[in-house]
Amino acid sequence: MSIINGNSEDNATDKKLFEHLFTQREENFEHASFDREIAFYESICTGDIEKVKLLSTPLCSGGYGNLSKDPLRNLKYHFVVSVAMITRFCINSGMTPEEAYNLSDVYIMKADVCTKEEEVHEIHNQMILSFTKRMRNVKNSKIYSKQVIKAIDYISEHLHDKIKMQDVADYLSLSLPYFSRLFKSETGVTFSEYVTIRKVEVAADMIRYSGSSILEISNILNFSTQSYFIKVFKKYTGTTPNEYKKKYNFFGNNLLENAQNRNS
């Protein structure tokens, strides 16, 4: 009896799957790019807020399947899937299971009581940024002192601005000479070089994942001129922005590591 029921259930499932696939083909539906999805999760795990914002897409936008005919319930189902995936990626990258699961539970309960779709979207954005910032702390706490971590956080939050070392030293209530020595001793590169590398990393992501022009990216990241942007981009990636765009390969992840090795 169980074998017969099992086959019957399998046949019913296969029929539903066929109908679902047929409907998607008729509607020219395509799921989101798997590579882009993985890059999104990895950017959370590395604490890269700029890249997370670049790769993040609204729940139930293009590439999301339908899990319920009710729009609000469908959104909540996708929210649970999203937080579950992020939780497991973060645990695998060093966040303690206790912190990750508790954070997951908090946001799922927040989404559960939402009565409007825009509320779920807002909580989803909050959840993503919360996990990302916590992973940035997990990553940096193993390498840098609290003062340098705060400096790196400041840089990450101001990559679209012109970042001056004096402003960061004042922010940390440290003298400029002391902060300069401390930062280089821990990161292996000077403050200005670190800022430039981070901007180039963000620029590489923008070239790969956004539709912005080279000039727009240069302006967004506050490079003094487009020619200077091209010069430093080539210095750290080995290629010009336009050449990089054509090759569509991502060189940004190891820029800081490469610079540290050169200076060691």
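In every chain, residue numbers begin from 1 and rise along the written sequence. In keeping with the predicted nature of the model, local features appear solely for residues at pLDDT of at least 70, side-chain atom pairs appear and are counted solely at 80 or more, and the whole-chain, interface and lining totals rest on all residues. As a rule here, side-chain values cover all heavy atoms of the structure and leave hydrogens and water aside.

J.: I'd like a rundown of the overall build of the protein, residues and numbers included.
T.: Per the convention used, a helix needs a DSSP run of H or I reaching at least four residues, while a strand needs a run of E reaching at least two, with both numbered from the N terminus. When you go through the protein residue by residue, the secondary structure sums to 14 helices and zero strands. Every one of the 264 residues in the protein was classed for burial, and the buried ones make up 40%. Two residues qualify as a contact provided that any one of their heavy atoms is within 4.5 Å of a heavy atom in the partner residue. Counted over contacts in the protein with a minimum sequence separation of 6, partners at least 24 positions apart contribute 62%. For every residue, the accessible area (1.4 Å probe, protein chains only) is compared with the maximum for its type, and the residue is labelled buried under 20%, exposed over 50%, or partly exposed between those bounds.

J.: Now, about the packing of aromatic side chains: what can you tell me, with residues and values included?
T.: Ring pairs are drawn from Phe, Tyr and Trp, using the six-membered ring of Trp, whenever the two centres fall within 6.5 Å, and their geometry is named by plane angle: stacked under 30 degrees, edge-to-face over 60, tilted for the rest. Tallied over the entire structure, the rule returns 11 aromatic pairs. Between the aromatic rings of phenylalanine 179 and phenylalanine 183, the centroid separation amounts to 5.8 Å while the plane-to-plane angle is 55°, which identifies the pairing as tilted. Taken together, the residues span about one helical turn, with phenylalanine 179 and phenylalanine 183 both in helix α9 (residues 176-187) at a distance of four residues. Using a relative accessible area of 0% as the deciding quantity, one classes phenylalanine 183 as buried. Taking 5.6 Å as the distance between ring centres and 75° as the angle between the ring planes, the aromatic pair formed by phenylalanine 233 and tyrosine 244 counts as edge-to-face. With phenylalanine 233 in helix α12 (residues 226-237) and tyrosine 244 in helix α13 (residues 241-247), this residue pair connects regions lying 11 residues apart in the sequence. Take tyrosine 244: its relative accessible area is 1%, and that puts it in the buried class. Aromatic rings pair up to connect Phe223, Tyr228, Phe229, Phe233 and Tyr244 into one cluster.

J.: Outline helix α6 (residues 117-141), supporting the account with residue identities and numerical values.
T.: To estimate how far a helix should reach, multiply one less than its number of residues by 1.5 Å. Between its first and last C-alpha, α6 extends 36 Å over 25 residues, near the 36 Å set by a 1.5 Å rise per residue. Buried residues of α6: Val120, Ile123, His124, Met127, Ile128, Ser130, Phe131, Thr132, Met135, Arg136, Val138 and Asn140, and no others. The inward-facing, buried residues of α6 contact α2 (34-45), α3 (49-55), α4 (71-92), α5 (97-112) and α7 (146-157).

J.: Before we move on, can you summarise the packing of α7 against α9 with the specific residues and values?
T.: The axes used here are C-alpha line fits, helices contributing only the stretch in contact, and every angle between their N-to-C directions lies in the interval 0 to 180 degrees. The N-to-C vectors of α7 and α9 enclose an angle of 90°; their axes lie 10 Å apart at closest approach. Relative to α9, the element α7 is oriented roughly perpendicular. When α7 is examined against α9, the residues Gln147, Val148, Ala151, Ile152 and Ile155 are found in contact with a partner set consisting of Tyr178, Phe179, Leu182, Phe183, Glu186 and Thr187. Considering only residue class, the contact of α7 with α9 consists of eight nonpolar, two polar and one charged. Should an angle lie under 35 degrees it is considered roughly parallel, over 145 roughly antiparallel, and from 65 to 115 roughly perpendicular; all remaining angles are considered oblique. Nonpolar residues are Ala, Val, Leu, Ile, Met, Phe, Trp, Tyr, Cys and Pro. Charged residues are Asp, Glu, Lys and Arg, and all others, Gly as well, are polar.

J.: Mind laying out the pattern of salt bridges, listing which residues take part and the relevant values?
T.: Salt-bridge detection follows one rule: a side-chain nitrogen of Lys or Arg within 4 Å of a carboxyl oxygen of Asp or Glu. Counted according to the given criterion, the structure contains six salt bridges. Of the charged contacts in the structure, one is a salt bridge between glutamate 157 and arginine 136, with a shortest N-O distance of 3.5 Å. Linking glutamate 157 in helix α7 with arginine 136 in helix α6, this pair joins segments that are 21 residues apart in sequence. Connected through shared salt-bridge partners, Asp48, Arg198 and Glu201 make up one network.

J.: So what's going on with the packing of α4 against α5? Which residues, and what values?
T.: Contact geometry for α4 and α5: axes closest at 9 Å, N-to-C directions at 170°. Our classification of the angle between α4 and α5 gives roughly antiparallel. Contacts between α4 and α5 involve Lys76, Phe79, Val80, Val83, Thr87, Arg88 and Ile91 on the former and, on the latter, Pro97, Ala100, Tyr101, Ser104, Tyr107, Ile108, Ala111 and Asp112. Each residue belonging to the contact of α4 with α5 can be placed in one class, and the counts come to 10 nonpolar, two polar and three charged.

J.: Which residues make up a nonpolar patch on the surface, and what are the values?
T.: A residue counts toward a patch only above 30% relative accessible area and without a salt bridge, and it is joined to like-charged neighbours within 9 Å or, for Val, Leu, Ile, Met, Phe, Trp and Tyr, to nonpolar neighbours within 5 Å. Method for areas: the Shrake-Rupley scheme with a 1.4 Å probe, in which residue coverage is limited to the protein chains shown. A cluster of nonpolar side chains, contributed by Leu67, Tyr77, Val81 and Met85, occupies part of the molecular surface with about 340 Å² of accessible area. For tyrosine 77, the position within the fold is in helix α4.

J.: Lay out the nonpolar core with the relevant residues and their values.
T.: Each nonpolar core is a collection of buried residues, namely Ala, Val, Leu, Ile, Met, Phe, Trp, Tyr and Cys, held together in the definition by side-chain atoms within 4.5 Å. Counting residues in each nonpolar core, the largest one holds 36 residues, and the members touching the most others are Ile155, Ile163, Val168, Phe179, Phe183, Phe191 and Phe233. Of all the elements in the fold, those that place two or more residues in this core are α7, α8 (165-171), α9, α10 (191-209), α11 (214-220) and α12. The leading source of residues in this core is α10, at 10 residues. Leave out the neighbours within four places in its chain, and phenylalanine 233 touches Val200, Ala203, Ala204, Ile207, Gly238, Thr239, Thr240, Pro241 and Tyr244.

J.: Lay out the side chain of lysine 76 with the relevant residues and their values.
T.: Relative to the elements of secondary structure, lysine 76 occurs in helix α4. Here the positive residues are Lys and Arg and the negative ones are Asp and Glu; neither His nor the chain ends is included. Buried charge without a salt bridge: lysine 76, with aspartate 112 as the nearest opposite-charge side chain at an N-O distance of 4.9 Å. If near-sequence neighbours (up to four positions away) are discounted, lysine 76 is found in contact with Ala111, Asp112, Val113, Cys114 and Val120.

J.: Please provide a residue-by-residue account of the environment of leucine 129, values included.
T.: Structurally, the position occupied by leucine 129 is in helix α6. Assessed through its relative accessible area of 29%, leucine 129 is described here as partly exposed. Taking the C-alpha atoms as reference points, leucine 129 and isoleucine 44, separated by 85 residues in sequence, lie 8.1 Å from one another. Setting aside chain neighbours within four positions, we find leucine 129 in contact with Ile49 and Lys53.

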